[in-house]
Amino acid sequence: MPLAESLRGPCPKPSVDFATLGDLAAFAIKQEAALSVCEAMKTALVQTIDVHNAAAASLARPPRRKWLPF
Amino acid sequence: MIPFATGLRAALVAGALTLFLAAAVYVLHLHRRAERAEADLAAARAEVATETAQAGVERGAAAVADRVQTRALAITVRAQEAEHDIRRLPEADTPLPDALRDRLRAGLLGLRERGAAPGAVDGASGGEPARALSEALR
């Protein structure tokens, strides 16, 4: 899936239907995994923005030199 | 009657002036043509630079997307392994106290509702569920 599509979707949220200690521990691990994935996506988004900005900066035109003052 | 020498001088001066003016007009024309050629060249260069930059952006975005997908997959696999290890422990089947479970669940769901609400990014939301959650965990 392209990055933009992944970012448009909702972040994964693990189920809160826990009954045992194991469920609670699994929930904590899934939450941490979801947070890490979102962190990775945020980093990727920032990198993509940086790439766009660098391209835009490289396209900035130098001022046009005039041959004659009129 | 104008003497011949005076007439000749006047004609020479007029001719020289005409030549000078013609030369000035020609130089101006050359300069304008060079300016137009330079503008055309700059436009062509800008077009090539835009296409190159666009291709670079697409390549960069694709590389970033690949990296994030690989990382997300690695995180998911690692989390599944960790969950599997925990569920194999004998203590994993210990039931949670009802009050703790219910209040924790309510607190988490409340936080999620607040987080999904419009304007949730303004930082003004999530106070009550956060308090409920901290009470549940006390």
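None of the values given here were measured: they were computed from a predicted structure.

1. A few points about the overall build of chain B
Okay, so step 1: The number of helices and strands found in chain B is three helices and zero strands.
Okay, so step 2: When the helices and strands of chain B are read in sequence order from the N terminus, they spell out α-α-α.
Okay, so step 3: In chain B, buried positions account for 17% of the 138 residues.
Okay, so step 4: Of the roughly 10,300 Å² of accessible surface on chain B, 64% is carried by carbon and sulfur atoms.

2. With respect to the overall build of chain A
Okay, so step 1: Scanning chain A from N- to C-terminus turns up two helices and zero strands.
Okay, so step 2: Residues classed as buried in chain A amount to 29% of the 70 residues present.
Okay, so step 3: When the accessible area of chain A is evaluated, it comes to approximately 4,800 Å², of which 65% is carbon and sulfur surface.

3. Observations regarding the packing of helix 2 (residues 21–58) of chain A against helix 2 (residues 98–116) of chain B
Okay, so step 1: For the pair helix 2 of chain A and helix 2 of chain B, the least separation of the axes is 13 Å and the interaxial angle reads 20°. For the element pair helix 2 of chain A / helix 2 of chain B, the angle class is roughly parallel. As for the relative orientation of helix 2 of chain A and helix 2 of chain B, their crossing is left-handed in sense. Of the residues in helix 2 of chain B, those touching helix 2 of chain A at A:Leu24, A:Phe27 and A:Gln31 are B:Leu104, B:Leu108 and B:Arg112.

4. Thoughts on the interface of chain A and chain B
Okay, so step 1: Between chain A and chain B, the contact holds 40 residues from the first and 40 residues from the second.
Okay, so step 2: Summed over both partners, the interface of chain A with chain B comes to about 3,400 Å²; 68% of that surface belongs to carbon and sulfur atoms.
Okay, so step 3: Across the chain A-chain B interface, the total number found is three salt bridges.
Okay, so step 4: For B:Arg105, the salt bridge identified is with A:Asp17, shortest N-O distance 2.9 Å.
Okay, so step 5: Our enumeration of links across chain A and chain B arrives at eight residue pairs in polar contact (both at pLDDT 80 or more).
Okay, so step 6: Of the residues in the side of chain A that touches chain B, the class split is 24 nonpolar, eight polar and eight charged.

5. Description of helix 2 of chain B
Okay, so step 1: Its 19 residues give helix 2 of chain B an end-to-end C-alpha distance of 27 Å, which sits within 8% of 27 Å, the value for a rise of 1.5 Å per residue.
Okay, so step 2: Every buried residue of helix 2 of chain B is listed here: B:Leu104, B:Gly107, B:Leu108, B:Gly110 and B:Arg112.

6. Points about the packing of helix 2 of chain A against helix 1 (residues 4–87) of chain B
Okay, so step 1: Look at helix 2 of chain A against helix 1 of chain B: their axes get within 9 Å of each other, and the N-to-C directions meet at 170°. With respect to helix 1 of chain B, the element helix 2 of chain A is oriented roughly antiparallel.
Okay, so step 2: Residues belonging to the contact of helix 2 of chain A with helix 1 of chain B are distributed by class as follows: 20 nonpolar, seven polar and six charged.

7. Brief notes about the confidence of the model for chain B
Residues and elements named next belong to chain B.
Okay, so step 1: Averaged over all residues, the pLDDT of chain B is 85; the fraction at 70 or higher stands at 85%.
Okay, so step 2: Helix 1 holds the highest mean pLDDT among the elements of chain B, 91, whereas helix 3 (residues 127–137) holds the lowest, 60.
Okay, so step 3: Here residues 122–126 scores under 50 on pLDDT; set against residues more than four positions off or in separate chains, the count is four contacts.
Okay, so step 4: As scored by the predictor, the complex reaches a pTM of 0.63 and an ipTM of 0.73.

8. Digging into the pattern of salt bridges
Okay, so step 1: As enumerated under the stated definition, the model contains nine salt bridges over all chains in all.
Okay, so step 2: Taking the shortest distance from any N to any O, the salt bridge between B:Arg87 and B:Glu83 comes out at 3.2 Å. In this pair, B:Arg87 and B:Glu83 both sit in helix 1, four residues apart, roughly one turn of the helix.
Okay, so step 3: Relative accessible area serves as the criterion here: at 15%, B:Glu83 is assigned to the buried category.
Okay, so step 4: The closest approach of N and O atoms between B:Asp85 and B:Arg88, which form a salt bridge, is 3.9 Å.
Okay, so step 5: Connected through shared salt-bridge partners, A:Asp23, A:Lys30, B:Glu83 and B:Arg87 make up one network.

The rules behind each value
- Residues numbered from 1 in each chain as written.
- Chains lettered and ligands numbered in written order.
- Predicted model: local features only at pLDDT ≥ 70, side-chain atom pairs only at ≥ 80, totals over all residues.
- Heavy atoms only, no water.
- Helix = DSSP H or I, 4+ residues; strand = E, 2+ residues; numbered from the N terminus.
- Buried < 20%, exposed > 50% of the residue type's maximum accessible area, 1.4 Å probe, protein only.
- Areas by Shrake-Rupley, 256 points an atom, 1.4 Å probe, with all protein chains shown as cover.
- Axes fitted to C-alpha atoms, helices over the stretch in contact; angles between N-to-C directions.
- Parallel < 35°, antiparallel > 145°, perpendicular 65-115°, else oblique.
- Left-handed = near helix turned anticlockwise from the far one by under 90°.
- Contact = heavy atoms within 4.5 Å.
- Buried area = accessible area lost by both parts, 1.4 Å probe.
- Salt bridge = Lys/Arg side-chain N within 4 Å of Asp/Glu carboxyl O.
- Polar contact = N/O pair within 3.5 Å; in protein donor to acceptor, adjacent residues only side chain to side chain.
- Nonpolar A, V, L, I, M, F, W, Y, C, P; charged D, E, K, R; others polar.
- Expected span 1.5 Å × (residues − 1).
- pLDDT = per-residue confidence, 0-100.

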